[in-house]
Amino acid sequence: MLNVKSTRRELITRSLGGTLSLVFGFSLPWVGREAAHGASPNSIILNTFIRIFADNQVEITVVKAEMGQGVITSLAMLIAEELDADWSQVTVKLEGEMGAFVDPQSPFAGTFGSTSVRSNYLRLRKIGAAVRQVLLQAAAAQTGHQVHELQGNASWVVDAAGQKLVSYGQLIQAAAQLPLPSDPPLKHEDQFRIVGQRQHRKDAALKIEGQPIYGMDVRLPGMQYGAVRQHRVFGSRLLNFPELQGQMPAGYQLVEVPGAIIAIGPSYWRAQRILDQLAPRYETTAVMDSNSQPAIEQRLSEAVQNFNGPSVFKHGDGSGALALCETVVDAEYHTPFLAHGALEPLNCTAWVEGDRCEFWIPTQSPQLAAYGAARALKRPPHMIKVNVTYLGGGFGRKVESDYVVHAALASQAVQGPVQVIWSRSEDTQHDYYRPAYQARLKAGIRGEHLAVWTGKNAGPSIAKRNNPNSTQIDFSSIDGFADIPYGIDHQEVFHEEVDLSVPVGYWRSVGKSQNTFFVESFMDEIAARMQIDPLQLRRIHLNAHPRAQRLLDTLAEICDWNSQPTLGMGFTEGFGSLAAMAAQVSLVSNTVKVERLWTVVDCGPVVNPEGAEAQVQGAALYGLAAALFGKVTVTGGKVDQTIFADRPFIKLAEAPVQEVHFVRSQEAIGGLGELATPLAAPAVTNALYRLTGQRIRRLPINDFSWT
């Protein structure tokens, strides 16, 4: 089996029969250009987004990581729409977001933050429109028409009557001589033929046929495999590496890398069994050994008891106004550490030999992966070549480069290609976890009016890991907690950073994953105390936010809220979008079953309704699994959970019926990939309260003791 990139290119070449093609590079302000017309093969590879073949097929390059969210299709749709390409004749090529593919005007050199479509919505449309414009110019010169008399349609240039004049493939030689416009005219959205229509995924056939598109599919001549065994206790030090090294059987080597040992040889399975037979000894500290769940929870609880520390938001009198209220609602909430749990465990293939530093990586950020490898190998980043594969899930974990460093150092040690694979237990026990957090919230009620909102949350900082000397508050810690959408006269919110000596990182929806649970659960508690419908309470306090009110009205309509008194709900605003979710639950023999979820989304224009619906449904299921089962616990400085049996996911029989509705909106385009994830927990726990009268303030739900 060949490496992924070669296989993809050979597939395209065979399918197109080696026909003549034109590669369009770009001199637009947001895309580099290196003599694209008649460019060398190298500059073509680096600067290409659109390739048109003489037989009228079109190849579009996508540079965001494809990890199941569908960007291979949605981003290609943006280019194809403005190009007026025949969508049935479009193929898509995946490249890493590095070099000339990085948008210099965007801070997002990677696939995270629900930014792939919204940060490229105009950029990719302009790329397609620029190529369409030179094709029309070339057609005008060839046919004697004026450019304004012509338009594109399904990879043909047509006249005002819709008569086909000349195909794009017939124009490639002439179009190659024309300069690309820097600010081409874009279509009005009501002229779209491709965008806004349900389109099947362009990569579906590759996955159905089992094509070698994932990281562990990579095969290279002479490649060996590396199995990883990391130090179980965070921060511990291996004491007996030479002894272990001497125990390796013929044909296998043991390499020490920061925080781990790697057994390398011709069989991954055999390398794993060799590691099982070794007896590493570690040095730990009393602090590490005593870092267990009770101590972690006590530190978080102590941090939120007093509303002091940095005030991250204040409006009105805040805490002072609370003393004047007749009724005070007071509640504490807890969320655990969470692992990412991508179906595809971490893996990376590296070939470090002489001057060669080449990698095949399922990564959300090839740029960060290259920097990590360069630091480990003590080489400049420009020497690192990254080939990006498809990802079997990412969820924020594959932004990190620790697994890339392992492969880099393993390959350097053996001076040849090595594919390093983390086992499921390694993936679970050495994650960068969603931080454990605790919050305390107080609300003041005067008469029939919610007048005061105060609160404090506490937990680890994700950003501090990369900038330990920073004194700034980590935005992800307070996202969705300090900036609640509800208009309340007096608000004051505090935050306290608590280092729990457990590595933390970016998990799908980041800070909103815990803060939405805190805020939306508390809104329901306030509604119950005030004896008011929880949806109506939200609507009242979104009076200055008609877009959000319209969203809630739509939710109430599609789930028949007013006729179903045991439904629960949650609302969130983030990633440039709005969403609300309602849940219907049942409780049989103390077992919770989520029967149905309704999700309403306002994300501005929807590029691919089929993909967008799948995104929302997938994000909801991811959040639901975390809400029901998800937790990572620590005993003696090491994680207790190992495989999926310890941290289950939603099975098909357990999955609720889902209904997703997109509100028609003229708002700017927003993100979708993480939007529904934080809503599942509050929607379900609020529904359980309305069904049973019992309030869940600690996740996961399945740990709750029903009375």
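These figures come from a predicted structure and were not determined experimentally.

Quick notes on the rules
- Residues numbered from 1 in each chain as written.
- Predicted model: local features only at pLDDT ≥ 70, side-chain atom pairs only at ≥ 80, totals over all residues.
- Heavy atoms only, no water.
- Salt bridge = Lys/Arg side-chain N within 4 Å of Asp/Glu carboxyl O.
- Helix = DSSP H or I, 4+ residues; strand = E, 2+ residues; numbered from the N terminus.
- Buried < 20%, exposed > 50% of the residue type's maximum accessible area, 1.4 Å probe, protein only.
- Axes fitted to C-alpha atoms, helices over the stretch in contact; angles between N-to-C directions.
- Left-handed = near helix turned anticlockwise from the far one by under 90°.
- Contact = heavy atoms within 4.5 Å.
- Nonpolar A, V, L, I, M, F, W, Y, C, P; charged D, E, K, R; others polar.
- Pairing = 2+ DSSP bridges.

This next bit is on unusual backbone geometry. Cis geometry is adopted by the peptide bond preceding Pro700, which originates at Leu699 and carries an omega value of 5°. The phi dihedral of Asn590 is positive, around 60°, even though this residue is not glycine.

Under the criterion given, the structure shown has 39 salt bridges. The residue Glu613 makes a salt bridge to Arg198 at a minimum N-O spacing of 3.2 Å. One end of the pair, Glu613, is in helix 19 (residues 609-628); the other, Arg198, is in the loop between helix 5 (172-175) and helix 6 (204-208), with 415 residues separating them in the sequence. Overall, Glu613 belongs to the partly exposed group, its relative accessible area being 25%. Residue class for Arg198 comes out partly exposed when judged on its relative accessible area of 49%. In this structure, Lys456 and Glu496 form a salt bridge, with 2.8 Å as the shortest nitrogen-oxygen distance. Taken together, the positions of Lys456 in strand 20 (residues 449-459) and Glu496 in strand 21 (residues 490-497) put the pair 40 residues apart, joining distant regions of the chain.

What describes two packed helices is the angle between their axes and the distance between those same axes. Contact geometry of helix 3 (residues 71-83) with helix 4 (residues 121-143) gives a least axis separation of 7 Å together with a crossing angle of 35°. In this structure, helix 3 meets helix 4 at a crossing whose hand is right-handed. Counting all contacts with helix 3, which are made through Leu75, Leu78, Ile79, Glu82 and Leu83, the residues of helix 4 involved are Tyr121, Leu124, Arg125, Ile127, Gly128, Ala129, Val131, Arg132 and Leu135. The residue inventory of the contact of helix 3 with helix 4, partitioned by class, reads 10 nonpolar, 1 polar and 3 charged.

This paragraph deals with the sheet that holds strand 7 (residues 164-167). Overall, antiparallel pairing links the 3 strands, which are arranged 5-6-7 in an open sheet. Pairing within the sheet leaves two strands with one partner each, and these edge strands are strand 5 (151-153) and strand 7. The mean angle between the axes of side-by-side strands here comes to 40°, regardless of whether they run parallel or antiparallel. Pairing geometry for strand 5 and strand 6 (residues 156-158), over 3 bridges, is antiparallel. Within the sheet, the bridge partner assigned to Gly152 lies in strand 6 and is Val157.

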